[in-house]
Every structure is written in C-alpha cells, then in structure tokens.
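Summary of the model geometry
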Amino acid sequence: MIVGLLGSSGHMGIKTLEEFLKIPQVDKVKVLLEKKEKRNKLVKKLANKNKGRVEILYGDISNKDDDIKLVEGCSYVFNLAAVIPPKSDKRPDLSYLANEVGPRYLVEVLEQHPEIKFIDITSVALYGHRNDKHPFERVGDPLLPSVFDVYAAHKLRAEFHILESNIQYFAIIRQTAMIYVEMLMANNKDGLMFHTAFNDPLEWSTAEDSGLLMANIIREDLAGHLTFDNFWRKVFNLGAGEKNRISGYETIDGGFKLMGGSAKSFFDPNYNVTRNFHGGFYYDGDELEKLFHYQRDVIGEYWDKVGRAYPYIKMGKLAPKSWIKALAIKKLFKDNNSPAYWYKHNDVARITAFFGSMEAYEKQPTKWEDFKLWDYLKQQSNSTYVPIDYGFDIDKKDSEVTIEDLVNVAKKHGGKLLSKEFKKGDVYTKLEWENSDGEKFTARPYSILRGGHWWNPLYREYIWDFDRLAKKDELYAAYWHDSHDKDENHCYYMNDKYEAFIK
C-alpha cells in the first residue's frame, strides 16, 4: 500500500511520517518536498533510515503536474501542507498558493481517482476569535475568520471547495492550536507573539499526538471501522481534551517559566491584542478521540520536554528579567507584525481590527494589577458549554435533517433556501440558497449545517464585512458581538498587494 503525504517536512508532518512508517501495511510513503525547504533534511534522514519506504518527489502543491505525480498509485493522500502565521502574514502570496490554489488542484486530481481516500487538515483559525463569553467551538459553528488573517481566508475557501467537490472518500480535520518542541524558539523573532490575547481560550494538541492520529486513521480504516456514517465526507475538530485547555496568558506563562520567570516578568498587559486572533476549547474534540485514541500528551508536561530539548533556555534564570524583557521582547516592537509597530506607523486598520480603535489601544492598562485575567478553569469543562440557537437541533442525526431545518438555518443567516425540494436526510445534494445580500449560491446542506459555511464576500475577495453582516445574520452575531460592539460599522479589506484598509 502507498500513502501520499504533503507537508511532510512540517512539525506535524514529520511526526506523521514517523508514525506512517510504523504501519506494516504501508509499503511506501510518497512525499512532496520543495527543494529549498530547510527541514527537508529531517525527511531525508527518515528516508535513509527506512530504505525504499520513503519516495521523495520535489515539487509544489500549487503545481498540478506535481500533484498528479504524488497521487499516482496511492491508497490514501494526506494534505498537511500549509503556509501558516507568521510566514503567511509576511508572504500572503505564498499562503494563497499553498493554502488555496494547491488544494484546488489536488481536488481536481483526486476527483479522477474515486478509489483514493483523502484527509485534509484545516484549522481552528476558521472559527475566528473567541473569548470567555463563548469559549467553546464545535463543528457547525458559523465561520468568522479573523480580520486580515489571509491564512484563515485561504483555508476557508479551500475547505469549502473540498466539501463541494466530487471526491468520494474524504475527511476534513480542523487542527486546534498545536505545540511542538521547537515552537518557543521558532516564534521569538516575530511580532506574532503579541497576537494572542491574554484572555483567549486555547486548547493545545502536540505534533506527536496529531501525527499518531493521522496514522491511526489508516489503522482503523484497514480494520474496517471507518464508514460514511462515522467518518467519511465529514468535518471534525482535532481536539486535545480538557487537560490541555488553558488561556492565552497561561500559554505564554508556561514558556517563560522555563526562564525562571512568568508572563508578567517579561510582558506588560498592553503588549498583546485584545481580540481578532483565533482559538477555543473544542466541545466536540472527543469525537476523533473515540474513533482513534490518540490523545496522550499533557501541555503542562510538554513544557518540560521543551526545556530538555533546549537546556540553554534555563540559563535565562541567571539574567535580570529586565534585560530579557528589553532585549528579547521589546525589540520585537519594531517588527511590522507587532501592535506597537502598527500604532507607531498609524496603521488604523490593524489597530481597529485587533483593539477596537486607536483610543482603545491607548487606554489599555499598563500594570498587571489593573488587568483582570480570566479564570479559565471555571469554564474549562464541557459541562459549562452553552450552545447558541442554530435554528435546528444540531445534535440530530444527518438522516433526520428536514427541509424545515434548512429553511430555519437560512433564515437565521438572514437568507433563504431557494430550492423547493429536499429529501429528508439527503445532506449531500447541492441546493440553491440566497444570503442576506440577495446573492445566490450553491452548497450542500452538510457544508452549511455541519461545516458552518455560509457564502459572504470573503469567499471570493479579501473583504471582512462582518460588522455589517452581523446586523442581519443572527448566527454571525452570536459570536461576532462577543468582541465587537453592535454599533461598530467597519469594513476591512485588502487590495491585490495585500495592503490592509478600513472604511
């Protein structure tokens, strides 16, 4: 059996490749590498160690001919390829190619091979920002990618394209926040570290657990346990469980404890954004765990693993905290991905998106005694989950979905179901809809009810118009107004050069 793997040199990808090679039935793993990728050496090391079982192809997911070569002869294809923040912020053009164009070409190729089973990894970023008002996310929640997050926009469009494709066997898995051993060192040179709001809910899976999940999908399918009822043609959230749910502050604090300090030692409360990032607790993250039993790691213990991998980090205990704060943290204020840089250069669009206004940015507390940290432990358990009104019973089986459900969900969105006929439970037949702007579109009921998709300008342009849309879309409003005032009326957009604007 041959397995195709895109994104094998990434942190999750390399762990996935290691796990694939532990499966006796896998004769070969075909991987597609970009020639100049620094982490290729890790893949080559595994290839040399497993003679004949790793076939390296050089190419790009956004080249259809390369996708054809990768897919040929495969029983499974796993797409873990992605250009993620901060690289996607710096090079949105590369994000477009890897996160949107590539998957579209891959779909075209796979539609010609109905026998191949396809797993696509998307992201928690599709849900957008969450806070203590609605910390939980579940499949079926409306998708509200954060403003100017081109990575999420590209993943949104690619996911919708897959859902509406003619691929027979596929599953879409939305990865939660993922920690890996190199993360602390990999993200200490960019202003992205200031994009995590201190009171954000975050659920952390590890690269190792995620890789095990990918391999267990093959194992369970070979055992005959995966069907259209429980897995194929569905969307899942890749969660890590209650033990790995913490806040943005606790995430940052965990890393800096290795240096003998805390987040408060190195950050002031006005360093980080107050909204417009992404993260959440996956209410339904246990669905994959029930099928594949992959959740092993605990975030608190994982920091010890980071410390063992980079023992010199602990030498920070010997240096004055003020030195580290000045030399390692505040120096990043000069990076164009940091809020301090946006403010200094009068980037009204980004300051408004991430703080609400220039005035709100200026009024942030500068001392921790004036900043109230969220007690996330009180809302960490699934028992505290409070669902929104989806317009139908989201817990009902697909086979029980009626045309009345579809009509009600469209109405909640401020739109209409235009199709007049629907066979009960036939959630994969494409129907005609109309959104709140009167724009007509085609989509499967599954994509809307279970995927959370609903056509808006972001599906075709870089326009984040949720302030306006949330005024007539109840499902958008249910989450958007947790961090945006109802009287906000901004339209955020990017031009063809990916320059950010607000009107």
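So, here's what we can say about the structure. (Residues numbered from 1 in each chain as written. Predicted model: local features only at pLDDT ≥ 70, side-chain atom pairs only at ≥ 80, totals over all residues. Heavy atoms only, no water.)

Re the overall build of the protein
When its secondary structure is counted, the protein shows 20 helices and 18 strands. Relative to the 2.2 N^0.38 estimate, which gives 23 Å for 503 residues, the radius of gyration of the protein is 22 Å and therefore close to what a compact globule would have. Dimensions of the protein, computed from C-alpha atoms along their principal axes, come out at roughly 60 × 60 × 45 Å. When the 503 residues of the protein are sorted by exposure, 60% land in the buried category. Approximately 21,200 Å² of the protein is accessible, and the part contributed by carbon and sulfur atoms is 50%. Positive and negative side-chain charges in the protein, numbering 72 and 75 respectively, have mean positions lying 5 Å apart. (Helix = DSSP H or I, 4+ residues; strand = E, 2+ residues; numbered from the N terminus. Rg over C-alpha atoms; globule rule 2.2 N^0.38 Å. Buried < 20%, exposed > 50% of the residue type's maximum accessible area, 1.4 Å probe, protein only. Areas by Shrake-Rupley, 256 points an atom, 1.4 Å probe, with all protein chains shown as cover. Lys, Arg positive; Asp, Glu negative; His and termini not counted. Charge placed at Lys NZ, Arg CZ, Asp CG, Glu CD.)

Thoughts on the pairing of strand E14 (residues 431–434)
Here two bridges tie strand E13 (residues 416–417) to E14, and the two strands are oriented antiparallel to one another. Of the residues in E14, the one forming a bridge with leucine 417 is tryptophan 433. Pairing of E14 with strand E15 (residues 440–443), which is carried by four bridges, proceeds in the antiparallel orientation. Residue tryptophan 433 lies in a different strand from E15, and its bridge partner there is phenylalanine 441. Hairpin geometry of E14 and E15 is characterised by an intervening segment of five residues between the two adjacent antiparallel strands and by a positive phi of about 80° at glycine 438. (Pairing = 2+ DSSP bridges.)

Topic: the environment of lysine 155
Inspection of the secondary structure puts lysine 155 in helix H6 (residues 150–163). The class of lysine 155 is buried, set by a relative accessible area of 3%. Distance in space between the C-alpha atoms of lysine 155 and arginine 53 is 31 Å, their sequence separation being 102 residues. Residues contacting lysine 155, with those up to four places away along its chain left out, are Ala81, Ala82, Asn99, Ile121, Thr122 and Leu126. Polar contacts involving the side chain of lysine 155 include one to the main-chain carbonyl oxygen of isoleucine 121, which spans 3.1 Å. (Contact = heavy atoms within 4.5 Å. Polar contact = N/O pair within 3.5 Å; in protein donor to acceptor, adjacent residues only side chain to side chain.)

Quick notes on unusual backbone geometry
Cis geometry is adopted by the peptide bond preceding proline 86, which originates at proline 85 and carries an omega value of 5°. Mapped onto the elements, proline 86 comes out in the loop between strand E4 (76–79) and helix H4 (87–90). The phi dihedral of phenylalanine 148 falls on the positive side, at around 70°, and the residue is not glycine. With respect to the helices and strands, the residue phenylalanine 148 is situated in the loop between strand E6 (136–137) and H6. Unlike most non-glycine residues, arginine 233 shows phi in positive territory, near 65°. Looking at where arginine 233 falls in the secondary structure, it is placed in the loop between helix H8 (207–222) and strand E10 (234–238). By relative accessible area, arginine 233 is classed as buried at 19%.

Some points on H6
With 14 residues, H6 extends 20 Å between its outermost C-alpha atoms, agreeing within 8% with the 20 Å of an ideal straight helix rising 1.5 Å per residue. Burial analysis of H6 places 13 of its 14 residues in the buried class, which makes it a mostly covered element. A distance of 3.3 Å separates the backbone nitrogen of tyrosine 151 from a side-chain oxygen at the start of H6, and that oxygen is part of aspartate 149. (Expected span 1.5 Å × (residues − 1).)

Quick word on the pattern of salt bridges
Scanning the model with the defined rule gives 38 salt bridges in all. Its salt-bridge partner being glutamate 108, residue lysine 64 comes within 2.8 Å of it at the nearest N-O pair. Within this pair, whereas lysine 64 is found in helix H3 (residues 64–71), its partner glutamate 108 is found in helix H5 (residues 92–110), the two being separated by 44 residues in sequence. For lysine 64, a relative accessible area of 32% gives the class partly exposed. Note that arginine 468 is salt-bridged to aspartate 437, the shortest N-O span being 2.8 Å. Note that arginine 468 is positioned in helix H19 (residues 466–469) and aspartate 437 in the loop between E14 and E15, a separation of 31 residues in sequence. Among the ionic contacts, a cluster of salt bridges with common partners joins Lys15, Glu18, Glu208 and Lys305. (Salt bridge = Lys/Arg side-chain N within 4 Å of Asp/Glu carboxyl O.)

Topic: the sheet that holds strand E17 (residues 492–494)
Sheets are built from strands that pair by backbone hydrogen bonding, the pairs being arranged parallel or antiparallel. The sheet built from three strands is open, its strands ordered E16-E17-E18 with antiparallel pairing. Looking at strand neighbours, the two that pair on one side only are strand E16 (463–464) and strand E18 (500–502), the edges of this open sheet. With three bridges joining them, E17 and E18 adopt antiparallel strand pairing. Bridge pairing in E18 places tyrosine 493 opposite phenylalanine 501. Taken strand by strand, helix H15 (residues 348–355) contacts E17 and E18, and its axis lies near 70° from that of E18. (Axes fitted to C-alpha atoms, helices over the stretch in contact; angles between N-to-C directions.)

Some words on H15
Counted residue by residue, H15 has six buried out of eight residues, so it is predominantly covered. When we look at burial in H15, the residues that qualify are Ala349, Ile351, Thr352, Ala353, Phe354 and Phe355. Contact partners of the buried residues in H15: helix H14 (339–344), helix H16 (358–362), E17 and E18. In the segment just after H15, glycine 356 is the residue with positive phi, at about 110°.

Focus on the packing of helix H1 (residues 11–20) against H8
Interaxial distance between H1 and H8 falls to 8 Å at its minimum, and their mutual angle equals 45°. The orientation of H1 with respect to H8, classified from their angle, is oblique. Where H1 crosses over H8, the two elements pack in a sense that is right-handed. Seen from H1, the contacting residues are His11, Met12, Lys15, Thr16, Glu19 and Phe20; seen from H8, they are Ala207, Glu208, Ser210, Gly211, Leu212, Met214, Ala215, Ile218 and Arg219. Across the contact of H1 with H8, the residue classes tally to seven nonpolar, four polar and four charged. (Parallel < 35°, antiparallel > 145°, perpendicular 65-115°, else oblique. Left-handed = near helix turned anticlockwise from the far one by under 90°. Nonpolar A, V, L, I, M, F, W, Y, C, P; charged D, E, K, R; others polar.)

Digging into the sheet that holds E15
Read from one edge of the open sheet, three strands run E13-E14-E15, paired in antiparallel fashion. Both edges of this open sheet fall to E13 and E15, since each of them pairs with a single strand only.

Here we look at the nonpolar core
Counting residues in hydrophobic clusters, the biggest one holds 157 residues, and the most contacted among them are Phe78, Met214, Phe231 and Phe267. Sorting elements by how many residues they give to this core places H8 first, with seven residues. Every residue in contact with methionine 214, bar those within four places of it in the chain, is listed here: Met12, Thr16, Phe20, Phe78, Leu80, Ile119, Ile121 and Ile173. (Core = buried A, V, L, I, M, F, W, Y, C linked by side-chain atoms within 4.5 Å.)

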